[in-house]
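Residues per chain, in single letters:
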Amino acid sequence: MITIQFKALFISVLTLLNIASCNTIDIYEKTVVIPGHKWASDYKPEFSFSIKDTAVPYNVFFVIRHTEKYNFNNLFVNLITKQPGMDSVTKQQLELTLATNEKGWLGTGMNDIYEHRIKLSPPQGTYFSKSGTYNFSLEQIMREQPLEYVMNVGLRIEKKL
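Residues numbered from 1 in each chain as written. Predicted model: local features only at pLDDT ≥ 70, side-chain atom pairs only at ≥ 80, totals over all residues. Heavy atoms only, no water.

Asks: An account of the pattern of salt bridges is requested, with residue identities and associated values reported.
Replies: Evaluation of the coordinates by the stated rule reveals 8 salt bridges. Among the salt bridges present, the one from Glu139 reaches Lys44, with a minimum N-O distance of 3.6 Å. In this pair, Glu139 is assigned in strand 11 (residues 132–140) and Lys44 in the loop between strand 2 (38–39) and strand 3 (46–51), connecting sequence segments 95 residues apart. Residue Lys44 is classed as partly exposed on the basis of its relative accessible area, which comes to 37%. Residue Asp53 pairs with Lys159 through a salt bridge whose shortest N-O separation is 3.6 Å. On the criterion of sequence distance, the pair formed by Asp53 in the loop between strand 3 and strand 4 (58–67) and Lys159 in strand 13 (residues 150–159) is long-range, its members being 106 residues apart. (Salt bridge = Lys/Arg side-chain N within 4 Å of Asp/Glu carboxyl O. Helix = DSSP H or I, 4+ residues; strand = E, 2+ residues; numbered from the N terminus. Buried < 20%, exposed > 50% of the residue type's maximum accessible area, 1.4 Å probe, protein only.)

Dropping the structure here:
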């Protein structure tokens, strides 16, 4: 009898995990610890991932974790991209909103730490034009140097369903 209940429970758990995993197909996620929680402008975390399927759209997210002592409502960064087979890079300046005066911090928080996953892709998603390895780096371009109370930064790539 216990064996039948265990099998039923096991199958139920597997079914729930399968259903929960159908919303997105994760391709890549990596966060990097910012040394001393002070992000210097010359510290440029790097991220590399491979794209095989160029026919589908992807969602690209910037990930940041900071303390409540972070001094700004936003963050300016350069997203530096190198496509497969290219020697040159492209640099895109982004202003990322972390808080508003009306709502406070926009990310999820626990105690005094907040995490944000900010979608960088347009609503229809991002199409990568070439298959192969993409290299990204992040450069903070705020006036405060170093930028204090930033714990981690990263990128997340997932297939858009």
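Asks: How would you sum up the sheet that holds strand 6 (residues 90–97)? Please name residues and give values.
Replies: One open sheet holds the 4 strands; their spatial order is 3-11-5-6, and the pairing between them is antiparallel. Two strands bound the open sheet, and with one partner strand each, they are strand 3 and strand 6. Direction aside, the axes of adjacent strands within the sheet are offset by 25° on average. When strand 3 meets strand 11, the two strands line up antiparallel, connected through 6 bridges. Bridged to Glu46 within strand 11 is Ser137. (Pairing = 2+ DSSP bridges. Axes fitted to C-alpha atoms, helices over the stretch in contact; angles between N-to-C directions.)

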